[in-house]
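# Examination of the molecular architecture
What follows is the residue order along each chain.
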Amino acid sequence: MNKSSVTDLDEHIEIMLSHFEAVINLNEDEKEYLISFLKFKRVRKRQHILQAGDVCHYETFIIKGLLKSYFVDENDTEHILLLSIQ
């Protein structure tokens, strides 16, 4: 992992922790415990995280961008269930 990637990762962790800490106070041990479960994934624009029939096993936290959750009915009409913004 290059220095830029480590810096980005540290920044992403800080952003995520600040959102949690707006709701709950975390001590340093709790922060480290939480961080130990995190997996960061960069998703390109228009890339699918899940395909039809996939089972979601993770929570998603958006650092930057927008995420759309939708389904397509039998008439090929797209129905947006959720828009999540950073």
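Computed from a predicted structure; not experimentally measured.

### Some points on the side chain of Lys 31
- Looking at where Lys 31 falls in the secondary structure, it is placed in helix H2 (residues 28-35).
- With relative accessibility at 15%, the residue Lys 31 sits in the buried group.
- Filtering out sequence-adjacent residues up to four positions away, Lys 31 remains in contact with Leu 17, Glu 21 and Leu 26.

### Brief notes about the layout of surface pockets
- Considering only enclosed or pocket space, the largest pocket measures out at about 2,200 Å³ in volume.
- As for the largest pocket, its lining consists of 45 residues, and the residues nearest its centre are Lys 41, Val 43, Ile 49, Thr 60 and Leu 67.
- Those elements giving two or more residues to the lining of the largest pocket turn out to be helix H1 (3-21), strand S1 (66-72) and strand S2 (78-85).
- A per-class count over the lining of the largest pocket returns 22 nonpolar, eleven polar and twelve charged.

Scoring rules and cut-offs
Residues numbered from 1 in each chain as written. Predicted model: local features only at pLDDT ≥ 70, side-chain atom pairs only at ≥ 80, totals over all residues. Heavy atoms only, no water. Helix = DSSP H or I, 4+ residues; strand = E, 2+ residues; numbered from the N terminus. Buried < 20%, exposed > 50% of the residue type's maximum accessible area, 1.4 Å probe, protein only. Contact = heavy atoms within 4.5 Å. 1 Å grid on protein atoms, 1.4 Å probe; cavity = no way out; pocket = protein on both sides within 12 Å on 5 of 7 lines; lining within 4 Å. Points joined across faces, edges and corners; volume = space filled by probe spheres on them. Nonpolar A, V, L, I, M, F, W, Y, C, P; charged D, E, K, R; others polar.

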